Structures are given as structure tokens and as C-alpha cells.
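Secondary and tertiary structure notes
Listed below are the residues making up each chain.
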Amino acid sequence: MTSPRYKRVLLKLSGEALAGDNKFGLDTDTVNIIANQIKEISLMGVQIAIVVGGGNFWRGRTSAGMDKATADYMGMTATVINGLALQDALENAGVSTRLQTAIEMKQIAEPYIRRKAIRHLEKNRIVIFAAGTGNPFFTTDTAASLRAAEIEAEVILLAKNVDAVYDKDPATDVTAKKFESLTYIEVLKLGLKVMDLTAVSLCMENKIPIKVFGLKNPENIKKVILGEEIGTTIKE
Ligand code: GTP
């Protein structure tokens, strides 16, 4: 059997990825399929931390007229709902997990403590990070970059609805060109909307490669872990 390319990874799951075709809320079957894929790579000995988004419940940026910080805090609580759902699905699949939140809600989950998170990973527990960075004006992509740097993950696996990075939106433009690899600077210069600028800059400063791929086929997580070149790689 091919051995995994990485020892410790940070998987960023968007909220939409958990909604399935419904586009809103949680689709139990979808969540279970993803959980089982994550279980498979965990059984290969890969240490996995997950940052979950919350866009399947709430999007801070589309809340016109609302105070931006308030809208962002609402988004952070949405990620906690997703974190709990993912934890539940993973534990039903027989995987040991710990959920940590960037904003304390001790009755529900552990608070984020970097050293504790690393210890959990070393014990092969999957650690789910919820509530983003705990601060408004930062995205969950930035939370992914930040946590990846903190736990010294070798790579960020950016699981998306689209299968790679394109120069234009492939859903609306058939001439959209797919990138197999990009540098951080190219992403910034071309203004590609794969991650926000803060998130990309943080990865660039800390030299964390980003693998962007589609989650339509949940097997893709395993493919990337095993070193198959799918989607787009962003690195130096
Ligand atoms: P070890 O130190 O390796 O034994 O880790 P552990 O996570 O098993 O130890 P701990 O006693 O800290 O946690 C036991 C259980 O309680 C785990 O399921 C934790 O997620 C949970 N837990 C720990 N701290 C908190 C907290 O502040 N709030 C909540 N809600 N759960 C917590």
C-alpha cells in the first residue's frame, strides 16, 4: 500500500461542504461520508486537525446593513454547530476526537489551547477547531492558516466545492483555465479568490503549502494524502 505523504495535516472544510446538495444546513449522509474518509486517513497514521467554516448557516459578508463584527460573531457560532456535527459523525465512525473553540463555551467544548491540541494530535485524536480565530474581520480560511502554523502542519488541505483554482469562475465561464500549481505571490497578484489575502499571506510567511481540491468526490482527501496530483498546489 502507498504510504501517506504527510504526518500532520490541517483540513479546511467549508460549511457548504457539509450541506450536500441542499446548500443550506447539514446533510447527515454527506457529513457521514466525509467523516468516514477522514477516518480512513486517520487509520493510515496521519495526524489530522480540521478547521470548519460556517457558510451553510450564515455568511457574515452577505448580511447587508448589519454590523460587520456582529455578523462575523454569528458566523463563528455557526462553525461551532458544524464542529459538533462533525465530531458526532467522526465518533459514530469510531474515531476519537476533541473539539476546541476559539471563543470559550466550556459547557460545549474545550477552549483552544495550542499545546493541548498538539498533544491530542500526538495521541491520534482528530482535533476540530471551531469559532474561527475568535475575532471578527477574519475568515475561517485565515483560521486555517493560523492553526496550521501553530500546530506545525505540513500542508493545508483546502477542500472546496470547485475542484481546483481557475483564472475565472468555471461555473459561469467555459474558457476558465485551471491552474495545476501557483505561487503565493501569483495568487495575490492575480487576485484569485481561492483564500482571502490574510490567509494566503500567513501561509506564505510560514511556508505552508496549500492543496486545493474538490470535495464532490470525498475520496479526494485520501488521494491528496497519498500524493496524487489533483487540484491545485499553492507554494513558494
Ligand atoms: P488527556 O490529557 O490526554 O487524557 O486528554 P483528554 O482530552 O482525554 O483529557 P481531559 O480530561 O482534558 O478531557 C476529557 C474529556 O473532557 C474530553 O472529551 C474533552 O474534550 C473534554 N473536555 C476537556 N476540557 C473541556 C472543557 O473545557 N469543556 C468541555 N465541554 N469539555 C472538555
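A quick note: this is a predicted structure, and the numbers were derived from the prediction, not measured.

Thresholds, definitions, all that
- Residues numbered from 1 in each chain as written.
- Predicted model: local features only at pLDDT ≥ 70, side-chain atom pairs only at ≥ 80, totals over all residues.
- Heavy atoms only, no water.
- Helix = DSSP H or I, 4+ residues; strand = E, 2+ residues; numbered from the N terminus.
- Buried < 20%, exposed > 50% of the residue type's maximum accessible area, 1.4 Å probe, protein only.
- Contact = heavy atoms within 4.5 Å.
- Areas by Shrake-Rupley, 256 points an atom, 1.4 Å probe, with all protein chains shown as cover.
- Lys, Arg positive; Asp, Glu negative; His and termini not counted.
- Charge placed at Lys NZ, Arg CZ, Asp CG, Glu CD.
- Phe/Tyr/Trp six-rings, centres within 6.5 Å; stacked < 30°, edge-to-face > 60°.
- Pairing = 2+ DSSP bridges.
- Axes fitted to C-alpha atoms, helices over the stretch in contact; angles between N-to-C directions.
- Parallel < 35°, antiparallel > 145°, perpendicular 65-115°, else oblique.
- Left-handed = near helix turned anticlockwise from the far one by under 90°.
- Nonpolar A, V, L, I, M, F, W, Y, C, P; charged D, E, K, R; others polar.

To continue, consider the overall build of the protein chain. When its secondary structure is counted, the protein chain shows 7 helices and 11 strands. Over its C-alpha atoms, taken along the principal directions, the protein chain stretches across nearly 55 × 50 × 35 Å. Of all 236 residues assigned to the protein chain, the portion counted as buried reaches 53%. Excluding contacts between residues fewer than 6 apart, the proportion of contacts in the protein chain whose partners are at least 24 apart in sequence is 71%. A total accessible area of about 11,300 Å² is found for the protein chain, and carbon and sulfur atoms account for 52% of it. Mean positive and mean negative side-chain charge positions of the protein chain (30 and 28 charges, respectively) differ by 4 Å.

According to the stated counting rule, one finds 2 aromatic pairs in the structure shown. A centroid spacing of 5.8 Å and a plane angle of 85° characterise the contact between F24 and F57, whose relative ring orientation is edge-to-face. In this pair, F24 is assigned in the loop between β1 (8-13) and α1 (28-43) and F57 in the loop between β2 (47-52) and α2 (68-92), connecting sequence segments 33 residues apart. For F24, a relative accessible area of 53% corresponds to the exposed category. Look at F57 and you get partly exposed, because its relative accessible area is 25%.

With that settled, the discussion passes to the sheet that holds strand β10 (residues 210-214). Read across the open sheet, the 9 strands follow the order β4-β3-β5-β2-β1-β6-β10-β11-β9; overall the sheet is mixed. Whereas interior strands pair on both sides, the edge strands pair on one side only; in this sheet they are β4 (110-111) and β9 (181-183). As judged from the 5 bridges shared by strand β3 (residues 97-101) and strand β5 (residues 126-130), these two strands associate in the parallel manner. Its bridge partner lying in β5, R98 is registered against V127.

A separate point is the pairing of β10. Of all 5 residues that make up β10, 5 are buried, and the element is covered over most of its length. The alternating pattern of β10 places I210, V212 and G214 and K211 and F213 on opposite faces, both of which are buried. Examined bridge by bridge, strand β6 (residues 155-160) and β10 share 5 bridges and lie parallel to one another. Its bridge partner lying in β10, L157 is registered against K211. Pairing analysis gives 3 bridges linking β10 to strand β11 (residues 232-235), with the strands arranged antiparallel. If you follow I210 over to β11, its bridge partner there is I234.

Further remarks concern the packing of α1 against α2. Between α1 and α2, the least distance of the axes is 9 Å, while the angle of their chain directions is 60°. Considered as vectors, α1 and α2 are oriented oblique to each other. Seen from above, α1 lies across α2 with right-handed handedness. On α2, the residues touching V31, N32, A35 and I38 of α1 are A85, L86, A89 and L90. Its residues placed into classes, the contact of α1 with α2 shows 7 nonpolar, 1 polar and no charged.

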